[in-house]
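# Per-entry structural report
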Amino acid sequence: MQYALLLAGAAVAQVANAHEGRHGRLHAKRDVVTEVDVVTVVQTVTVGALPVTQEAVQAPAYHAPSSYIAPSSYAAPSSSSVSVAPVVESSSEAASSSTLVTSVSSAYSSPAPAPSSYASSAVSSAAPASSGISSGNMTPNGKKAGLSGYIGIQEKASFESLSQYISWYSDYTPNTPDVNGVMGIGMLWGADGSPCGSDMVGTRNAENKDNPANIVQTTRLATYESMMSNDTVPSIMFGFYEPDCTCTMSADMSTSDAATQWESLIAPLADKGTVLGSPSMCKQYDEDFLAPFKSSITTDWDVTSIHINKPSLDEAKKVVEYYVETYGKKVWVSEFACVNDQPSWEPCTDQTQIDSFINDLVTYFEGSDDVVAYGPSNGEGLGTAWPLTDSSTGELTTTGTTYLNAIKNL
């Protein structure tokens, strides 16, 4: 059931990030949908005759240290080339009045309170919700397999097919709802100091979600701050999203800004029992962000969030081993995809290679004590062969079926 109206930014950002040594590469164009669930209504307005499409927004598209073309189905806000639809400005201080809402689709977003069919892994109490996650055991309900999805993924047939075999999923918002027994994993994308940390987004009001004119405005940061002010204590929280690469496809934060905002926003959850996930890096084992970040914070993270965009098991192992050996913590593979990332970014196109990659990685992740959880990226920007969900039907693709078969008998 699609019941939410999202407002997403439209544009394409291309960034060149040079890396040292033989792994030098360009940061890719990626599409990121910044819609989030709304906890506190900041402003309700009536918008006339907003265009609605039937295609769900495919969120954080993919990124990587290289250059590839952003998908045409949606685009993130950019300072250049903006096609503007009706603009709704937020009264939240976190949302700049210059931020424009640029497109509308009928993809999912779940403002609080969540629909009755959903539960949230975050609860308003002095202790986190029961989810099987603790500092001593960070695998949700003892099951590693999950899904890095997009806003609306939980409404797709592909999600229903996977749901009985996965324990968690992410839609890149702070208050991702639990659905069908699958735990929603929250993440604070960015914060002060990030050019895209407080991008304005729109969702339907939960009290009258079927009225296309009933729009509420908030920001990712405002949503998170509202959660904190309501003493909402998630069992786990990740932050920030790829601060080492450039907006709008990543959080784009300096190590000092990220450290300051971590201590202010994320760290206080530790005293309430929340498991803290590190910022995820865009640059894989080429990253040079986490060490200075770690030296600038007083509250350490519990599990390291990593992204794997490699073409083979051997290369994937190198990414895992780098983070485990460098930071001495277990890893949560919050995104993985088959990508030929050297010398330039090229998503895998051969289905045989993709199928082998998925089966090899699932076997490796399941057998590794260093990996507490893993999930394939299901956003766009990864070519036509990799995405797990058919954008027109919502059903599993060949790749999605391969992943389903790989985890079915675990």
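Preceding this section is the structure that the text describes.
Notes on the structure in this doc start here.

Attention shifts here to the packing of aromatic side chains. By the definition in use, this model includes 21 aromatic pairs. Between Trp168 and Trp332, the ring centres sit 5.2 Å apart and the planes meet at 65°, which makes this aromatic pair edge-to-face. One end of the pair, Trp168, is in strand E7 (residues 168-170); the other, Trp332, is in strand E17 (residues 331-340), with 164 residues separating them in the sequence. Owing to a relative accessible area of 1%, Trp168 belongs among the buried residues under this scheme. Ring centres of Tyr322 and Tyr327 lie 6.4 Å apart, and the angle between their planes is 85°; on these two criteria the pair is classed as edge-to-face. Each member of the aromatic cluster is reached from another via a ring pair, and the members are Trp262, Phe289, Phe293, Trp301, Tyr322, Tyr323 and Tyr327. In this structure, Lys294 is placed above the aromatic ring of Trp301, and the distance from its NZ or CZ to the ring centre is 5.0 Å.

A few words on helix H5 (residues 313-327). Taking 1.5 Å per residue, 15 residues should reach 21 Å; H5 reaches 21 Å between its end C-alpha atoms and fits that length. For H5, every residue scored as buried is listed here: Glu315, Ala316, Val319, Val320, Tyr323, Val324 and Tyr327. Contacts from the buried residues of H5 go to helix H4 (290-296), strand E16 (304-310), E17, helix H6 (351-367) and strand E19 (371-376). After H5 finishes, the residue Gly328 shows a positive phi value of roughly 65°.

Turning next to the state of the cysteines. Counted under the stated rule, the structure contains two disulfides. Paired through a disulfide, Cys245 and Cys282 show a sulfur-sulfur distance of 2.4 Å. Measuring the twist about the S-S bond at about -70°, one finds the Cys245-Cys282 disulfide to be left-handed. Taken together, the residues Cys245 in the loop between strand E14 (236-239) and helix H3 (255-266) and Cys282 in the loop between strand E15 (275-277) and H4 connect sequence positions 37 residues apart. When its relative accessible area of 1% is taken as the criterion, Cys282 is described as buried.

When you line up the elements, Asp341 lands in the loop between E17 and strand E18 (346-347). Judged by relative accessible area, Asp341 falls into the buried class, the value being 2%. At 2.7 Å, the side chain of Asp341 and the side chain of Lys310 are in polar contact.

Time to look at helix H7 (residues 398-408). Buried within H7 are the following residues: Thr399, Gly400, Thr402, Tyr403, Leu404, Ala406 and Ile407. Residues of H7 that are buried sit in contact with strand E6 (146-148), helix H1 (157-163), E17, H6 and E19. The opening residue of H7, the one whose side-chain oxygen lies 3.3 Å from the backbone nitrogen of Thr399, is Thr397.

Here we take up the sheet that holds E15. Taking strand neighbours across the sheet as the criterion, the three strands line up as E10-E14-E15 in an open arrangement whose pairing is parallel. The open sheet is flanked by strand E10 (186-188) and E15, the only strands paired with a single partner. Pairs of neighbouring strands in the sheet enclose a mean axial angle of 30°, with direction left out of account. Two strands pair when backbone bridges link them, and E14 and E15 are joined in this way by three bridges, in the parallel orientation. Bridge assignment links Ile236 to a residue of E15, and that residue is Val275. Sheet contacts for H3: E10, E14 and E15; angle to E15, the most-contacted strand, approximately 155°.

Definitions and limits used
- Residues numbered from 1 in each chain as written.
- Predicted model: local features only at pLDDT ≥ 70, side-chain atom pairs only at ≥ 80, totals over all residues.
- Heavy atoms only, no water.
- Phe/Tyr/Trp six-rings, centres within 6.5 Å; stacked < 30°, edge-to-face > 60°.
- Helix = DSSP H or I, 4+ residues; strand = E, 2+ residues; numbered from the N terminus.
- Buried < 20%, exposed > 50% of the residue type's maximum accessible area, 1.4 Å probe, protein only.
- Lys NZ or Arg CZ within 6 Å of the ring centre and 35° of its normal.
- Expected span 1.5 Å × (residues − 1).
- Contact = heavy atoms within 4.5 Å.
- Disulfide = S-S within 2.5 Å.
- Polar contact = N/O pair within 3.5 Å; in protein donor to acceptor, adjacent residues only side chain to side chain.
- Pairing = 2+ DSSP bridges.
- Axes fitted to C-alpha atoms, helices over the stretch in contact; angles between N-to-C directions.

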